[in-house]
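Read off the chains here:
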Amino acid sequence: MTTSATSGTGPADPAGPTENSLRRALKRARDGVALDVSEAAVLLQARGEHLDALTASAARVRDAGLEAAGRPGVITYSKSVFVPLTRLCRDKCHYCTFVTVPGKLRRAGHGMFMSPDEVLDIARKGAALGCKEALITLGDKPEDRWPEAREWLDAHGYDDTIAYVRAISVRILEETGLLPHLNPGVLSWTDFQRLKPVAPSMGMMLETTATRLWSEPGGPHHGSPDKEPAVRLRVLEDAGRSSVPFTSGLLIGIGETYEERAESLFALRKVSRSYHGIQELIIQNFRAKPDTAMRGMPDAELDELVATVAVARHIMGPSACLQAPPNLVDAEYERLIGAGIDDWGGVSPLTIDHVNPERPWPQIEELAAKSRAVGFELRERLCVYPEFVRRGEPWLDPRLRPHVAALADPATGLALPDAPVVGRPWQEPDEAFTASGRTDLHTAIDTEGRTSDRREDFDEVYGDWAALREAAAPGMAPERIDTDVRAALATAADDPTRLTDDEALALLHADGPALDALCKVADDVRKSAVGDDVTYIVTRNINFTNVCYTGCRFCAFAQRRTDADAYTLSLDQVADRAEQAWEVGAVEVCMQGGIHPDLPGTAYFDIARAVKARVPGMHVHAFSPMEVVNGATRTGMSIREWLSAAKEAGLDSVPGTAAEILDDEVRWILTKGKLPAATWIEVIETAHELGLRSSSTMMYGHVDQPRHWLGHLRTLAGIQQRTGGFTEFVTLPFIHTNAPVYLAGIARPGPTVRDNRAVTAMARLLLHPHIPNIQTSWVKLGTEGAAEMLRSGANDLGGTLMEETISRMAGSSYGSYKSVKDLIAVADAAGRPAKPRTTLYGPVPEERQRAARDSDGHLPQLLPVLD
């Protein structure tokens, strides 16, 4: 490799940066002052003595990070095998020789994918040589472009490429003991949930954020849908939301400017700070290859690479792990170490680098000697970096913990070099339903309260609060609009289905006499649609665990397994609660829980069966869309298959919770790892298609605006017009008191009374006539608040609940139980009659009504259920 100062990048000032600008930027870097994009772009052009000064300060930053991590003077690598699972791809990158076409594969005697036997043969040979990582690399979604790929998958029983990746990863774990590191390209949020249980780490190079290199004809990524920078940044964010240790990086010298390269580094830093999930950043230099469209483009030169590594170190900081592939330089290892790297990446004693087949790996002994020559000890790591090994949950799935623990030094998180690499069972943890923790929380929360207002990991588990504060700022003060409210009210009174978005927004902002008029219109529509009866249901909530690592920032219910307020119920305790509820007149149990890492995907089936076995007549209303996705991805089933199996196990309907606001702009502030809006919609529509009815919900009053409420309600109306599966719409005012997003100073303190009235009234109007039942929440609003909503368009009070921990943990002060008499009193306060209902709004059998009357008001004596 040359050391010329000629740039291999795109358009730039031919004169380069001025001497003064270089000295100023170097001083800021040396003094530890945060750089901006323009300063980073200047430093990327440092050469000669300026480059020496830049790398010296970068090395000091790196050394401080290694000291803080407890491994000073250590540079790492992973002993791996490279598995090119398929070389087919739907993209057409102009520099790539990894990708091929079906005809070439056939002529070479290869299948469209490597067979399991071929993969396992490589993995077994690698294990025999002490390798611990199986680097599984493949093209993006080949079945979308190549019929031959689709035919291979169909013939071997796989729905898509991701299904095969998951299956082969399990076999590698069980039959060889190697840890899969997956590079399948662009993944969706759901794909991450499917693959996380089978791989301790994954990766995808960002390469660049320069959109023009993708959008303009002749660009290196033109014609490659998966190389759009916005798509790739979304993948990095979804990896962070899913708590997947993730490798990414830049490919330099493909036509980007220095400013664009700097912008790419800052984009990576933003994702890293927001989710704390980027385990490693690779700075890879472009090497031109024959038989590609970019074969005539000059290689990115060594000074380019060294400067980029040094600038990346300054931008990413001391705790970042930086890698430069050793086989892409001509043994100038000491310059890369001097620039601030701390890792050499995967090095294989067995397989070639299939992406750069012309560049052989160095011998590990040579790498150790070169590192030692500049004062560094070469140490082996696993594919998942030491920090994440030590973090444990939620970054490592319970099914992978035994595999990782067998190969990791518990003190450092690095690899145990002499650990035997042997296959181990990949299975669910034992005894998932062992009762533990504060199982009386449903009553104790009303008498003793919480042990603290926040989890001990408050500052780490939810992501970067500063970044969230910036993203949430637009929602902190809802905008006002000037649309004519009187005209909108006239439209609503005449025919609410004709309300335009502008008119609906005007009404969502209504206040004073206009709000009173809006509520009167909504109440009139309610009366014509469903009459005067205020319905309610005798039900019991059963929250079977509050152990959860999803990281919802509005939730005060979720606990780590070691927290004082954590609990998990046994199946018998769940069934006991259902039986008690039946004895006092309940017709439904509503069951939801945290996403407990030890609960297998089939646990939900066990819960439904346990209730039906004990109380065959009980309606099982259970499992939010988030739980459905969790169950499906853990079992490897599709959402449809999982819901069908749950229905067979006894599931009768699903709660439409986990919706919050169906706008990802808001969702990604409210939650770190919950399902995206599109996936929520997919789950709900699939449930409806299978005959499983659901409720619908909206949580509002946090970082949202009325335009988000409007979009959410329009989305629900559209789903109902397509499926007819919603039984009701439930308003869920945000309870702020103990919510992390409020304690961090980001969210508003819940909705105002005006907000509650406007949302209830507009739900009635915008969902008319598709969703006739509008429910208000007494547990969140109290008796007087619920009565006011009944005068504003609502017709349902929800249930007796009997136990309620989610809102109470969040800080609601309205208790966990309302007797039937209490609910009737709320209806009386609104001047309306009350009537019991079933989950599906049918009549309640007389026997159930009698049981409810006979035990009404005595229920608290039956609680808690304890062994």
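Residues numbered from 1 in each chain as written. Predicted model: local features only at pLDDT ≥ 70, side-chain atom pairs only at ≥ 80, totals over all residues. Heavy atoms only, no water.

K.L.:
Could you clarify how one ought to interpret unusual backbone geometry in this entry?
P.N.:
Generally, phi is negative for residues other than glycine and the peptide bonds are trans, each holding for most cases. Following E393, the chain continues to P394 via a peptide bond in cis, the omega torsion being 0 degrees. Cis geometry marks the peptide bond from H768 to P769, where omega comes out at -5 degrees. Along the chain, the position of P769 falls in the loop between α31 (753–766) and β19 (774–775). Despite not being glycine, E207 shows a phi value in the positive range, around 75 degrees. As for its placement among the helices and strands, E207 is situated in the loop between β4 (201–203) and α9 (212–215). Taking the relative accessible area as the measure of exposure, E207 reaches 11% and is therefore buried. (Helix = DSSP H or I, 4+ residues; strand = E, 2+ residues; numbered from the N terminus. Buried < 20%, exposed > 50% of the residue type's maximum accessible area, 1.4 Å probe, protein only.)

K.L.:
Help me out: how do you make sense of helix α23 (residues 571–583) in this one?
P.N.:
Working note: α-helix, 3.6 residues per turn, so residues spaced by three or four point in the same direction. In this model, α23 (13 residues) spans 18 Å end to end at C-alpha, consistent with the 18 Å of a helix rising 1.5 Å per residue. Within the span of α23, buried status applies to Q573, V574, A575, R577, A578, Q580 and A581. G585 occupies a position one or two residues after α23 and carries a positive phi of about 100 degrees. (Expected span 1.5 Å × (residues − 1).)

K.L.:
Explain the packing of helix α21 (residues 501–508) against α31 to me, please; I cannot follow it from the model alone.
P.N.:
Any two packed helices are characterised by how steeply their axes cross, that is the angle between the axes, and by the distance between the axes. Remark: α21 packs on α31, axes separated minimally by 9 Å, with the N-to-C direction vectors making an angle of 150 degrees. By the angle between their directions, the pair α21 and α31 is classed as roughly antiparallel. Contacts between α21 and α31 involve A504, L507 and L508 from the first element and R754, A758, M762 and L766 from the second. Taken together, the residues of the contact of α21 with α31 sort by class into six nonpolar, no polar and one charged. (Axes fitted to C-alpha atoms, helices over the stretch in contact; angles between N-to-C directions. Parallel < 35°, antiparallel > 145°, perpendicular 65-115°, else oblique. Contact = heavy atoms within 4.5 Å. Nonpolar A, V, L, I, M, F, W, Y, C, P; charged D, E, K, R; others polar.)

K.L.:
I keep staring at the packing of aromatic side chains and nothing clicks. Help me out?
P.N.:
To describe a pair of aromatic rings, one takes the distance between the centres and the angle between the planes. Within this structure, the stated rule accounts for 16 aromatic pairs. The interplanar angle of 75 degrees and the centroid separation of 6.5 Å between the aromatic rings of F557 and Y567 together place this pair among those described as edge-to-face. Pair noted here: F557 is in the loop between β12 (539–543) and β13 (567–568) and Y567 is in strand β13, with a separation of 10 residues, a long-range link. Each member of the pair, F557 as well as Y567, carries the same accessibility label: buried. Relative to W642, the ring of Y604 lies with its centre 5.6 Å away and its plane at 75 degrees, an arrangement referred to as edge-to-face. Residue Y604 is located in helix α24 (residues 603–614), and its partner W642 is located in helix α26 (residues 639–649); the two are separated by 38 residues in the primary sequence. The class for W642 is buried, based on a relative accessible area of 0%. The ring of Y841 has R837 lying over it, and the distance from NZ or CZ to the ring centre is 4.0 Å. Its end group placed over the ring of W582, R848 keeps NZ or CZ at 3.7 Å from the ring centre. (Phe/Tyr/Trp six-rings, centres within 6.5 Å; stacked < 30°, edge-to-face > 60°. Lys NZ or Arg CZ within 6 Å of the ring centre and 35° of its normal.)

K.L.:
Honestly, the environment of D464 in this entry has me stumped. Any pointers?
P.N.:
Assignment of secondary structure puts D464 in the loop between α18 (458–461) and α19 (465–472). Put simply, D464 and L179 are 285 residues apart on the chain and 29 Å apart in space, counted from C-alpha to C-alpha. When neighbours within four sequence positions are excluded, D464 is seen to be in contact with R273, S274 and H276.

K.L.:
I'm lost on the pairing of strand β14 (residues 588–592) in this one. Help?
P.N.:
Burial runs high along β14: five of the five residues are buried. Burial along β14 is two-sided: E588, C590 and Q592 and V589 and M591, pointing in opposite directions, are all buried. Where β12 and β14 come together, five bridges link them in parallel fashion. Bridge pairing in β14 places I542 opposite M591. (Pairing = 2+ DSSP bridges.)

K.L.:
Would you mind going over the pattern of salt bridges with me for this structure?
P.N.:
A side chain with one charge can pair with a side chain of the opposite charge if their charged atoms come near. Under the defined criterion, the tally for this structure stands at 62 salt bridges. With its nearest N and O atoms 3.0 Å apart, the salt bridge here joins E304 to R47. Of this pair, E304 sits in helix α12 (residues 302–316) while R47 sits in the loop between α2 (37–43) and α3 (48–69), and the two are 257 residues apart along the sequence. Its relative accessible area of 1% is what places E304 among the buried residues. Of the residues examined, R47 reaches a relative accessible area of 14% and is grouped as buried. Across the pair D516 and R757 runs a salt bridge, and its minimum N-O distance is 2.9 Å. Note that D516 is positioned in helix α22 (residues 512–530) and R757 in helix α31, a separation of 241 residues in sequence. Salt bridges here are not isolated pairs; linked through shared partners, they connect R47, E256, R261 and E304. (Salt bridge = Lys/Arg side-chain N within 4 Å of Asp/Glu carboxyl O.)

K.L.:
So what exactly am I meant to see when it comes to the domain arrangement of the chain here?
P.N.:
Much of the literature gives interface size as the accessible area that the parts lose upon coming together. Taken domain by domain, the chain comprises domain 1 (35–406) and domain 2 (437–556 + 571–855). Domain 1 puts 20 residues into the contact, and the matching count from domain 2 is 20 residues. Taking both partners together, domain 1 and domain 2 bury about 1,700 Å²; carbon and sulfur atoms supply 54% of that area. The three residues of domain 1 that bury the most area against domain 2 are W189, R241 and E393, which together make up 35% of that side's buried surface. At the surface where domain 1 touches domain 2, the tally comes to two salt bridges. D598 is paired through a salt bridge with R401; the nearest N and O atoms lie 3.6 Å apart. Run the count over domain 1 and domain 2 and you get six residue pairs in polar contact (both at pLDDT 80 or more). Sorting the residues of the side of domain 1 that touches domain 2 by element identifies α8 (189–195), α10 (229–241) and α11 (258–275) as the ones contributing at least two each. Top element by residues in the side of domain 1 that touches domain 2 is α8. It accounts for four residues. (Domains from an automatic or database assignment. Buried area = accessible area lost by both parts, 1.4 Å probe. Polar contact = N/O pair within 3.5 Å; in protein donor to acceptor, adjacent residues only side chain to side chain.)

K.L.:
Just to check I follow, could you spell out the environment of P17 for this structure?
P.N.:
In this fold, P17 is placed in the segment before α1 (19–30). On the basis of relative accessibility, which here comes to 23%, the residue P17 falls in the partly exposed class. Sequence spacing of P17 and A46 is 29 residues, and the spatial spacing of their C-alpha atoms is 8.5 Å. Residues in contact with P17, not counting those within four places in the same chain, are L22, V42 and Q45.

K.L.:
Would you mind showing me how to read the nonpolar core here?
P.N.:
One recurring pattern in soluble globular proteins: nonpolar side chains tend to sit buried together. In terms of nonpolar packing, the biggest core is built from 132 residues, with L85, F246 and W344 touching the most fellow members. No other element matches the 10 residues that α12 contributes to this core. The next biggest cluster of nonpolar side chains, apart from the first, holds 129 residues, and it includes V525, A581, I681 and Y700. (Core = buried A, V, L, I, M, F, W, Y, C linked by side-chain atoms within 4.5 Å.)

K.L.:
Looking at this structure, I do not really get the pairing of strand β17 (residues 693–700). What am I missing?
P.N.:
The side chains of a regular strand alternate, residue by residue, between the two faces of the sheet. The buried count for β17 comes to seven of eight residues, which makes it a mostly enclosed element. Pairing analysis gives two bridges linking strand β16 (residues 653–654) to β17, with the strands arranged parallel. Paired with V654 across the bridge in β17 is S694. Pairing between β17 and strand β18 (residues 726–733): six bridges, direction parallel. Bridging from a neighbouring strand, Y700 pairs with P733 of β18. Running through helix α29 (residues 706–723), the crossover from β17 to the neighbouring parallel element β18 is right-handed. (Right-handed = clockwise from strand over helix to strand, strands pointing away.)

K.L.:
Help me understand the state of the cysteines in this model?
P.N.:
A covalent bond between the sulfur atoms of two cysteines is what we call a disulfide. For the coordinates displayed, the defined rule picks out zero disulfides. With no disulfide of its own, C321 has C383 as its nearest cysteine by sulfur position, at a separation of 14 Å. Taking the relative accessible area as the measure of exposure, C321 reaches 10% and is therefore buried. C555 takes part in no disulfide bond, and the closest cysteine sulfur, belonging to C552, lies 6.1 Å away. (Disulfide = S-S within 2.5 Å.)

K.L.:
How do you make sense of α22 when you look at a structure like this?
P.N.:
Helix length check: α22, at 19 residues, gives a terminal C-alpha distance of 27 Å against a target of 27 Å (1.5 Å per residue), a fit within 8%. Among the residues making up α22, those that are buried are L515, L518, C519, V521, A522, D523, V525 and R526. Elements in contact with the buried residues of α22: α20 (485–494), α21, α31 and α32 (778–790). One or two steps after α22, the chain reaches G531, where phi turns positive at roughly 85 degrees.

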